[in-house]
Amino acid sequence: MPRLPLIIDTDTGSDDAVALLLAAAGGLGDIHAVTTVAGNVPLRTATRNALISLEVAGCPQIPVHPGCGRPMMRSLSSAQHVHGEDGMGDIGLPEPSTLPEDSHAVDVLLSYPRRHPGLLTLVTLAPLTNVAAALTLDPLLFSRYRHVYCMAGAADLAGNISATAEFNVWADPEAARIVTRAATPDKVTWIGWDVSRQDAVMTASDQQRLLDIGTPMATFAHNINRTVADWARDVTGLPGYDLPDPVAMAVALDPGLVTRQERAHVQISVADETRGQMIVDRRVSAPAPNITLVRRVDEAGFKRLLFDTVASPVPHPTYAGASLGETPVPHPADAGAPIDI
Ligand code: BDR
Ligand code: CA
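Residues numbered from 1 in each chain as written. Chains lettered and ligands numbered in written order. Predicted model: local features only at pLDDT ≥ 70, side-chain atom pairs only at ≥ 80, totals over all residues. Heavy atoms only, no water.

## Things to note about the pairing of strand E9 (residues 258-268)
Bridge count for E9 against strand E11 (residues 291-297) is 6 bridges, and the pairing is antiparallel. Residue Arg260 lies in a different strand from E11, and its bridge partner there is Arg296. Relative to strand E10 (residues 278-281), E9 runs antiparallel, the two being bridged by 4 bridges. Looking at the pairing, His265 lines up with Asp281 of E10. (Pairing = 2+ DSSP bridges. Helix = DSSP H or I, 4+ residues; strand = E, 2+ residues; numbered from the N terminus.)

## As for the state of the cysteines
Here the structure, examined in full by the defined rule, presents 0 disulfides. For the unlinked cysteine Cys150, the closest cysteine sulfur is that of Cys68, found at 15 Å. (Disulfide = S-S within 2.5 Å.)

## So, the coordination of the calcium ion (ligand 2)
At the metal site, the calcium ion (ligand 2) is ligated by Asp11 (OD), Asp16 (OD), Asp16 (OD), Leu125 (O) and Asp245 (OD), and these contacts range over 2.2 to 2.5 Å. Linear spacing of the donor residues for the calcium ion (ligand 2) on their chain is D-x4-D-x108-L-x119-D. Of this pair, Asp11 sits in the loop between strand E1 (4-10) and helix H1 (14-25) while Leu125 sits in strand E4 (residues 121-125), and the two are 114 residues apart along the sequence. A single burial state applies to Asp11 and to Leu125, both of which are buried. (Donors = N, O, S within 2.8 Å, 3.2 Å for Na, K, Ca; no water. Buried < 20%, exposed > 50% of the residue type's maximum accessible area, 1.4 Å probe, protein only.)

## Remarks on the site of ligand 1
The local shell around ligand 1 consists of Asp15, Asp16, Asn40, His83, Leu125, Met151, Asn160, Glu166, Phe167, Asn168, Pro244 and Asp245. Between Leu125 and ligand 1, the recorded distance is 3.0 Å, taken from a backbone N or O atom to an oxygen atom. Counting residues per element, the ones that place at least two in the shell around ligand 1 are H1, helix H7 (167-171) and helix H13 (244-253). Class assignment for the residues of the shell around ligand 1 results in 4 nonpolar, 4 polar and 4 charged. (Near = heavy atom within 4 Å. Polar contact = N/O pair within 3.5 Å; in protein donor to acceptor, adjacent residues only side chain to side chain. Nonpolar A, V, L, I, M, F, W, Y, C, P; charged D, E, K, R; others polar.)

## Regarding the sheet that holds E4
Taking strand neighbours across the sheet as the criterion, the 9 strands line up as E3-E2-E1-E4-E5-E6-E11-E9-E10 in an open arrangement whose pairing is mixed. The sheet is open, and its two edges are formed by strand E3 (64-66) and E10, each paired on a single side. Along the sheet, successive strands turn relative to each other by an average axial angle of 30°, direction set aside. Where H1 meets the sheet, its contacts fall on E1, strand E2 (29-36) and E4, and the angle it forms with E2 comes to roughly 150°. The strands touched by helix H2 (residues 43-56) are E2 and E3; relative to E2, the strand with the most contacts, the crossing angle is about 160°. (Axes fitted to C-alpha atoms, helices over the stretch in contact; angles between N-to-C directions. Contact = heavy atoms within 4.5 Å.)

## Digging into the side chain of Thr227
Note that Thr227 resides in helix H12 (residues 226-236). A polar atom in the side chain of Thr227 sits 3.0 Å from the backbone oxygen of Val82. Every residue in contact with Thr227, bar those within four places of it in the chain, is listed here: Val82, His83, Gly84 and Gly89.

## Looking at the packing of aromatic side chains
Using the criterion set out here, one finds 1 aromatic pair in the structure. Note on Phe167 and Trp170: the rings are 6.3 Å apart at their centroids and 35° apart in plane angle, and the pair reads as tilted. Of the two residues, Phe167 and Trp170 both sit in helix H7, 3 residues apart, roughly one turn of that helix. When its relative accessible area of 15% is taken as the criterion, Trp170 is described as buried. For the cation-ring pair, Arg275 lies above Trp170, with the distance from its terminal atom to the ring centre recorded as 3.8 Å. (Phe/Tyr/Trp six-rings, centres within 6.5 Å; stacked < 30°, edge-to-face > 60°. Lys NZ or Arg CZ within 6 Å of the ring centre and 35° of its normal.)

## Let's talk about the confidence of the model for the protein
Residues at a pLDDT of 70 or more form 92% of the protein, whose mean pLDDT is 92. Predicted confidence is poor over residues 316-322, with pLDDT under 50, and the contacts of this stretch with residues over four places away or in other chains come to 22 contacts. In this model residues 325-341 is a low-confidence stretch, pLDDT under 50, and it forms 19 contacts with partners more than four residues away in sequence or in other chains. (pLDDT = per-residue confidence, 0-100.)

## Considerations on the side chain of Glu262
Mapped onto the elements, Glu262 comes out in strand E9. Polar contacts involving the side chain of Glu262 include one to the side chain of Arg295, which spans 2.8 Å. Each residue touching Glu262, except ones within four places of it in the same chain, is listed here: Arg282, Ile291, Thr292, Leu293 and Arg295.

## Here's the deal with the nonpolar core
Of all hydrophobic cores here, the largest spans 69 residues; its most connected members are Leu6, Ile8, Ile31, Val34 and Met249. The biggest single contributor to this core is H1, with 9 residues. In contact with Leu6, other than residues within four places in its own chain, are Ala23, Gly29, Asp30, Ile31, His32, Ala33, Leu120, Thr121, Val123, Met249 and Leu253. Within the second largest apolar cluster, 39 residues are counted, among which are Ile7, Leu122, Tyr145 and Ile291. (Core = buried A, V, L, I, M, F, W, Y, C linked by side-chain atoms within 4.5 Å.)

## A word on helix H5 (residues 129-137)
For H5, the tally of buried residues reaches 7 of 9 residues, placing the bulk of the element in the interior. In the core, the buried residues of H5 are packed alongside E1, E2, helix H4 (105-115), E4, helix H6 (141-144) and helix H8 (173-182).

## Observations concerning helix H11 (residues 216-224)
Inspection of H11 places Met217, Ala218, Phe220, Ala221, His222 and Ile224 among the buried residues, and these make up the whole buried set. For H11, the secondary structure elements touched by its buried residues are H1, H2, helix H10 (204-213), H12, strand E8 (241-242) and helix H14 (299-311).

## Some points on the pattern of salt bridges
Scanning the model with the defined rule gives 14 salt bridges in all. Linking Arg282 and Glu262 is a salt bridge whose minimum nitrogen-to-oxygen distance equals 2.7 Å. With Arg282 in the loop between E10 and E11 and Glu262 in strand E9, the pair connects residues that are 20 residues apart, well separated along the chain. With a closest N to O distance of 2.7 Å, Arg283 and Asp281 form a salt bridge. A relative accessible area of 14% places Asp281 in the buried class. (Salt bridge = Lys/Arg side-chain N within 4 Å of Asp/Glu carboxyl O.)

So, in structure tokens, the structure goes:
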């Protein structure tokens, strides 16, 4: 099966790291670039963690481009109380042996799909700052991607950072609002925390299974989620820690895992009292849908993909660029020659 050409935007903390393993080593994805943004941790730490994760997956050659260091209109409120001071469970990981690229994440988000119109899938696992910045420069950006999947929101209004909001949207609600206003449901799919807490919880037996698998990737995936497991016990009350970014990545890699979805008109609150809350209009008279919301995922299928991926003793090599061998499809909005921004 051809691998899915990907760009991944991440604020790499412990669950982003597992999502990167899935994309890099699961045999379904072909990562062309990783872009980083401040979120779970400050930008420099997110970039470090992305480099480490790709190295663990056996793909140190994948370029990592640092992006925005703070939300559009607010200061950074990180999730280090969830993922650890270093975002990776504070287990003393060694520094990566690779370095980030010089070119900015926003330039990558803009220029890659212009070079390969309609071929790349963008998966966002973080506050939407980089993506919103790119949209302000290119309002037609989403039409240039094959599809855009975002781990974002909580369609049932059960939040993980506030009573009603999900972290990625709450962290930069102005950016999320820009994204919803540019989105169309055939191009943009959100997988929210409602999906994660129902269908992607690593129970005690799932955690034991990771330990029993015992490969470097399985052990890494288990150990870096140490502080998230404590947080889940104390805050969410779920029967284990959940994996929001990996389940979103799994949907992008294998949309057949989705068991329930809806198209809806979504707005984002930027008001103080309801910061980051997702307002889903389900009235008959609602404006036209702007986003496809995944609501449930095949839990067994997701976990099978996860366990199979990390069980691989020698990670699958990625073949960066190989899946873009097709003739680029010109986009109607591309009047002139593709630009390198
Ligand atoms: C999201 O917030 C972050 O803490 C996770 O990495 C995930 O992207 C879940 O709400
Ligand atoms: Ca994340």
